[in-house]
Structures are given as C-alpha cells and as structure tokens.
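Residue-level structural notes
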Amino acid sequence: MTLIARFQVDSFEPRQVSGLDADWVGLLTFAKTFTAGITGQATTLFMSAGTEEGSRSYVATERITGRTDDGAEGSVTLQHGGLESDPDSWFGHIVPGTGTGGFAGWAGSARIIHDEQGPYFEIKLA
C-alpha cells in the first residue's frame, strides 16, 4: 500500500549542540502540519552539512502523530535524507517498532517528493 502524505512546514528553529561550535553542520527543529493522506502534526530534528546552496545534504528524524484518511490513528517515526543536488539520492524509511495505535506495525519506505503542489511523503507500507 502506498500512502501520499502531504505536509507544510509551519516553523523552524536553529539549534545548538552544547560544546560543538562548527560551521560545517547545521541543526534545526521543524514543526509541520500534515494535510492529506495523514492529518496531523510532526516534529522534525534536521541536520544539514555544507553551505553552498544546491550542494548541501541532510538527514532528519521525524515523529508524525495523526490520522490516515481511512481512520487509523497513531504515531510513527521516519528517518530521511539525501543530497540536495541529487533527488535520486533521497532516501527514507519508517523506523521499525516506532508505530503506536493504528500505526503499530508499520514498516517500509518513506521518501519526500516534491511536485507542483509542494512536498509530500510517499510512504510505501510493507
């Protein structure tokens, strides 16, 4: 089963790691709202590397809490990332064992894709 979960980024906040003063890495937290496929909220911890736009990379861990269009309610953790310059490198997966409620037992891939309507997760449940 493939789930298309559209979202918007509501806010982001730069973060610091105590004892790490580095210009080669960035750390942010994001707040997201999911509007289709899954209706709900997410908190994302986002780490990027590189400073040149178009050549950066990222890895993120995200906790989504919400309800699917078919009524399942729960939470699940996803991890995703890739090279900004190479969409073919973008990866994502459901972290095994993190689903609760109606999302318990979820496994599979979870890649971010962009189209004319904006970003979305393509979640392929195994």
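In case you missed it, the structure is sitting above this.
This write-up is about the structure you can find in this document. All of these numbers come straight from a predicted model, not from anything done at the bench. (Residues numbered from 1 in each chain as written. Predicted model: local features only at pLDDT ≥ 70, side-chain atom pairs only at ≥ 80, totals over all residues. Heavy atoms only, no water.)

The next point concerns the environment of Val-95. Along the chain, Val-95 turns up in the loop between β6 (86-94) and β7 (108-115). C-alpha separation for the pair Val-95 and Leu-78, spaced 17 residues apart in sequence, amounts to 5.6 Å. (Helix = DSSP H or I, 4+ residues; strand = E, 2+ residues; numbered from the N terminus.)

Our next topic: the packing of aromatic side chains. For the structure on display, the rule yields seven aromatic pairs. Taken together, a centroid distance of 5.6 Å and an interplanar angle of 40° make the contact between Phe-7 and Phe-121 tilted. Separated by 114 residues along the polypeptide, Phe-7 in strand β1 (residues 2-14) and Phe-121 in strand β8 (residues 118-125) bring together distant segments of the chain. Here the two residues Phe-7 and Phe-121 agree in accessibility, since each one is buried. (Phe/Tyr/Trp six-rings, centres within 6.5 Å; stacked < 30°, edge-to-face > 60°. Buried < 20%, exposed > 50% of the residue type's maximum accessible area, 1.4 Å probe, protein only.)

Moving on, we get to the nonpolar core. Membership of the largest hydrophobic core comes to 22 residues, with the highest contact counts inside it found for Phe-34, Ile-38, Ile-94, Trp-106, Phe-121 and Ile-123. Listed by contribution, the elements that provide at least two residues to this core are β1, β2 (25-36), β3 (38-49), β4 (57-68), β5 (73-83), β7 and β8. (Core = buried A, V, L, I, M, F, W, Y, C linked by side-chain atoms within 4.5 Å.)

To continue, consider the side chain of His-80. Within the secondary structure, His-80 is located in strand β5. Using a relative accessible area of 2% as the deciding quantity, one classes His-80 as buried. A polar side-chain atom of His-80 sits 2.8 Å from a polar atom in the side chain of Tyr-58. Ignoring any residue separated from it by four or fewer positions in sequence, one finds His-80 in contact with Tyr-58, Val-59, Ala-60, Glu-62, Phe-91, Gly-92, Ala-110, Ile-112 and Phe-121. (Polar contact = N/O pair within 3.5 Å; in protein donor to acceptor, adjacent residues only side chain to side chain. Contact = heavy atoms within 4.5 Å.)

Looking now at the pattern of salt bridges. In total, this model carries four salt bridges according to the counting rule given. Here Arg-56 makes a salt bridge to Glu-84, at a shortest N to O gap of 2.8 Å. Within this pair, whereas Arg-56 is found in the loop between β3 and β4, its partner Glu-84 is found in the loop between β5 and β6, the two being separated by 28 residues in sequence. Among the residues examined, Arg-56 registers a relative accessible area of 26% and is labelled partly exposed. (Salt bridge = Lys/Arg side-chain N within 4 Å of Asp/Glu carboxyl O.)

Let us now look at the pairing of β2. Both β1 and β2 contribute to a ladder of eight bridges, which runs antiparallel. Pairing of Gln-8 across the sheet is with Thr-33, part of β2. Judged from the twelve bridges that link them, β2 and β3 form a sheet pairing that is antiparallel. Within β3, the position partnered with Thr-29 by the bridge is Leu-45. The antiparallel hairpin formed by β2 and β3 contains one residue in its connecting segment, where Gly-37 sits at a positive phi of about 80°. (Pairing = 2+ DSSP bridges.)

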